[in-house]
Amino acid sequence: MTDWGIDWNALQDEVTRHLQALIRFETVNPPGNETPLAEYLAGVLRREGIAAEVVESAPGRGNLVARFRGRGHGRPLLLMAHSDVVSVERDKWTRDPFGGELVDGRVWGRGAVDTKGLVACELGVMLTIQRLGLPLERDLIFAVFADEEAGGQYGACWMWEHRRDLIDAEFAINEGGGMALTLGGQRFYLCQTGEKGAARLRLTARGQPGHASMPIPDTAMQHAARAILTLSTHTFPTVLTPTVTRFLHEIARALGGSVRQQIESALADPTWERLAALPLGPGERRLLYAMTRNTAVPTIVRGGHRINVIPSEVVVEVDGRILPGQEPEAFAAEVQRLVGPHVELELTTRGRGLEADPDSPLFRTISETMAELDPGARVVPYLIPGGTDAKCLPGITVYGFMPMRDHPEEFELAHAHDERISVSTLGFATRALFEIVTRFCAPRARSR
């Protein structure tokens, strides 16, 4: 590691303060209202002498972009995250979800993990590079997008379509990866190189209405209930994408012995029974399940208008997620066969999964950096069951990486009650991202 003369503790404190400020902007989407947060970031950057621009796709839907100019030896690297957050149930929280409180070494609030924490870390990287006056070989772009939680139509997708000149890059570092997984005494950092597509469905069940005091057969509620139960208990076929195959191969090579034999056996005959028997904890097994199949999870039910009336129509919203290489229409047809003819199905979103090649200079830089910061650790590619703004940037190789070494369980707090992130995670992630960026964008400065 190069001795930059950086006070990492002071930088950690600064990043923490910025995260607290970011959480206090209530950017729940909808409506988002991300412009005030974008203006805050622009102000911080401009005070340090970094040019920053806030681009609104619609009133209140602000996207932040800042850029360091390099010597043009390679296309830019993009540091990206999003500023909007999902809604909260305030009465289920221990603390104010928009208070940004620092308690027992953790910052509490909606977005602490997803992804205002990453915004703060990437901001810390930009500020540190500016203060050191590092010359870059390629441009470095910092972009904080609106609207990721609702699909990106006012954020990354809009920017790619209308202001691509501001964000176009060769590679990007995004959310979605970096959690540490310990298996057989070996630490692995998961770098997101693939993600599933969102193929969401609306199921409509219909039947005869009537007075609830007089039960009747074949009601809309019964049809909807059968569909919900069917999807909630169905296991879709096991499919190994190239990302997941490589993920398992690399773990097998690192661990060796009987574990390697067990993984190789599962790869040769990839049934869920064989994969479930691998020596994984409950959380890792749940993740592997979602990584190796399409899923259709009922999440919202609407129907009925009075307690004593049997409804004629019940609507069920289903969060469908499909693997890279799968088509939304084929998935919808499969779900229709499962729920049967008494339920009408509509495909409401048609997102496709994606995979990025991990054989690249940036992935190697991430791996080499983490091996020095955390000796013995390995970086492996993996597929996240959800989706990110990467889908909006088809011309960019996007990796998800915010390393969580000491508290990998914090990754599970995204969208949860009492979302929070540790100060030590912020500090470690900021240093790791700074080292990755400078190795990749400023190799000459490092060699001095």
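Our subject is the structure listed above.
Nothing here was measured: the structure is a model prediction, and the numbers come from that model. (Residues numbered from 1 in each chain as written. Predicted model: local features only at pLDDT ≥ 70, side-chain atom pairs only at ≥ 80, totals over all residues. Heavy atoms only, no water.)

S.K.: Explanation requested: the packing of aromatic side chains in the structure shown.
M.R.: Ring pairs (aromatic) are described by centroid distance and by the angle formed between their planes. A complete count under the given rule lists nine aromatic pairs for this structure. For the pair Trp4 and Phe434, a centre-to-centre distance of 5.5 Å together with 85° between the ring planes defines the contact as edge-to-face. Of this pair, Trp4 sits in the segment before helix H1 (8–23) while Phe434 is found in helix H13 (residues 423–441), placing the two residues 430 residues apart along the sequence. Taking the relative accessible area as the measure of exposure, Phe434 reaches 1% and is therefore buried. Ring plane angle 70° and centroid distance 6.5 Å describe the contact between Tyr189 and Phe401, whose orientation is recorded as edge-to-face. Of this pair, Tyr189 sits in strand S9 (residues 186–195) while Phe401 sits in the loop between strand S19 (397–400) and strand S20 (420–422), placing them 212 residues apart in sequence. Each member of the pair, Tyr189 as well as Phe401, carries the same accessibility label: buried. One aromatic cluster is present, formed by Phe171, Phe363, Tyr399 and Phe440 through successive ring pairs. When the ring centre of Trp108 is taken as reference, the NZ or CZ atom of Arg95 above it lies at 5.5 Å. (Phe/Tyr/Trp six-rings, centres within 6.5 Å; stacked < 30°, edge-to-face > 60°. Helix = DSSP H or I, 4+ residues; strand = E, 2+ residues; numbered from the N terminus. Buried < 20%, exposed > 50% of the residue type's maximum accessible area, 1.4 Å probe, protein only. Lys NZ or Arg CZ within 6 Å of the ring centre and 35° of its normal.)

S.K.: Help me understand the sheet that holds S20, please; the structure alone is not making it clear to me.
M.R.: Think of a sheet as strands paired side by side through backbone hydrogen bonds, with each pair either parallel or antiparallel. One open sheet accounts for three strands, arranged S4-S5-S20; its pairing is antiparallel. Edge positions in the open sheet fall to strand S4 (102–103) and S20, since each of these has one partner strand only. As defined by bridge partners, S4 adjoins strand S5 (residues 106–108) across two bridges and the pair is classed as antiparallel. Its bridge partner lying in S5, Leu102 is registered against Val107. Against the sheet, H13 makes contact with S4, S5 and S20, and its axis sits at roughly 65° relative to S20, the strand it touches most. (Pairing = 2+ DSSP bridges. Contact = heavy atoms within 4.5 Å. Axes fitted to C-alpha atoms, helices over the stretch in contact; angles between N-to-C directions.)

S.K.: What exactly am I supposed to notice about the nonpolar core here?
M.R.: The tendency in soluble globular proteins is for nonpolar side chains to be buried side by side. Among the nonpolar cores identified, the biggest contains 69 residues, and Leu45, Leu64, Leu140 and Phe142 are the most heavily contacted of them. The element that contributes the greatest number of residues to this core is H13, accounting for ten residues. Not counting the four nearest positions on each side in its chain, Phe142 is found in contact with Leu45, Leu64, Val65, Ala66, Leu79, Val119, Glu122, Leu123 and Met126. Judged by nonpolar contacts, the second largest core, of 25 residues, contains Val244, Ala266, Leu267 and Leu383. (Core = buried A, V, L, I, M, F, W, Y, C linked by side-chain atoms within 4.5 Å.)

S.K.: Can you walk me through the packing of helix H3 (residues 116–132) against H13 in this structure?
M.R.: Between two packed helices, what matters for the description is the angle formed by their axes and the separation of those axes. Contact geometry for H3 and H13: axes closest at 9 Å, N-to-C directions at 50°. Regarding the angle of H3 to H13, the classification is oblique. Between H3 and H13 the crossing geometry is right-handed. Mapping the contact onto sequence places Gly117, Leu118, Cys121, Glu122, Gly124, Val125, Thr128, Ile129 and Leu132 in H3 and Leu426, Ala429, Thr430, Leu433, Phe434, Val437 and Thr438 in H13. For the contact of H3 with H13, the residue count by class is ten nonpolar, five polar and one charged. (Parallel < 35°, antiparallel > 145°, perpendicular 65-115°, else oblique. Left-handed = near helix turned anticlockwise from the far one by under 90°. Nonpolar A, V, L, I, M, F, W, Y, C, P; charged D, E, K, R; others polar.)

S.K.: Hey, could you run me through H3 in this one?
M.R.: Residues separated by three or four positions in an α-helix point in the same direction, a consequence of the helix having 3.6 residues per turn. Between the first and last C-alpha of H3 there are 24 Å, a value that for 17 residues agrees with the 24 Å anticipated at 1.5 Å per step. For H3, the tally of buried residues reaches 14 of 17 residues, placing the bulk of the element in the interior. (Expected span 1.5 Å × (residues − 1).)

S.K.: Would you mind showing me how to read the pairing of S9 here?
M.R.: A regular strand places its side chains on the two faces of the sheet in alternate fashion. With respect to burial, S9 is a largely interior element, nine of its ten residues being buried. The pairing of strand S8 (residues 180–183) with S9 spans four bridges and is antiparallel. Bridge pairing in S9 places Thr182 opposite Arg187. In sequence, S8 turns back onto S9 through a hairpin of two residues, with Gly184 there showing a positive phi of about 55°. Strand direction decides the pairing type here: S9 and strand S18 (residues 378–384), joined by seven bridges, are parallel. Among the inter-strand pairings, Tyr189 is bridged to a residue of S18, identified as Val379. Looking at chain direction, S9 and strand S17 (residues 354–355) are connected through two bridges and run antiparallel. From the neighbouring strand, Glu195 faces S17, where its bridge partner is Leu354.

S.K.: Any chance you could explain the state of the cysteines here in plain terms?
M.R.: Here is the idea: a disulfide is a covalent bond, and it sits between the sulfur atoms of two cysteines. By the definition in use, this model includes one disulfide. Looking at Cys121, it has no disulfide partner, and the nearest cysteine sulfur is the one in Cys191, 16 Å off. Judged by its relative accessible area of 0%, Cys121 is buried. For Cys191, which is in no disulfide, the shortest distance to another cysteine sulfur is to Cys441 and amounts to 15 Å. (Disulfide = S-S within 2.5 Å.)

S.K.: How should I be thinking about the pattern of salt bridges in this particular structure?
M.R.: As a working rule, side chains carrying opposite charge can pair if their charged atoms are close by. Applying the stated criterion across every chain, the model contains 36 salt bridges. One salt bridge in this structure joins Lys92 and Glu89, with 3.8 Å as the shortest N-O distance. Among the residues examined, Lys92 registers a relative accessible area of 43% and is labelled partly exposed. What makes Glu89 partly exposed here is its relative accessible area of 42%. For the salt bridge of Glu327 with Arg352, the shortest nitrogen-to-oxygen distance reads 2.7 Å. (Salt bridge = Lys/Arg side-chain N within 4 Å of Asp/Glu carboxyl O.)

S.K.: How do you make sense of unusual backbone geometry when you look at a structure like this?
M.R.: Keep in mind that most residues, glycine aside, have a negative phi and that most peptide bonds are trans. Residue Pro30 is bonded to the preceding Asn29 through a cis peptide linkage, with omega at 0°. For Pro30, the location among the structural elements is in the loop between H1 and helix H2 (35–47). A cis amide bond links Asp114 to the next residue, Thr115, at an omega of -15°. Mapped onto the elements, Thr115 comes out in the loop between S5 and H3.

S.K.: Would you explain H1 in this entry?
M.R.: Over its 16 residues, H1 extends 22 Å from the first C-alpha to the last, a length consistent with the 22 Å expected when each residue adds 1.5 Å. Taken as a whole, H1 has its buried residues at Leu11, Glu14, Val15, Thr16, His18, Leu19, Gln20, Ala21, Leu22 and Ile23. The elements touched by buried residues of H1 are H2, S4, S5, H3, S20 and H13. For H1, the side-chain oxygen to backbone nitrogen distance between the N-cap and Asn9 is 3.2 Å, and the N-cap itself is Asp7. (Polar contact = N/O pair within 3.5 Å; in protein donor to acceptor, adjacent residues only side chain to side chain.)

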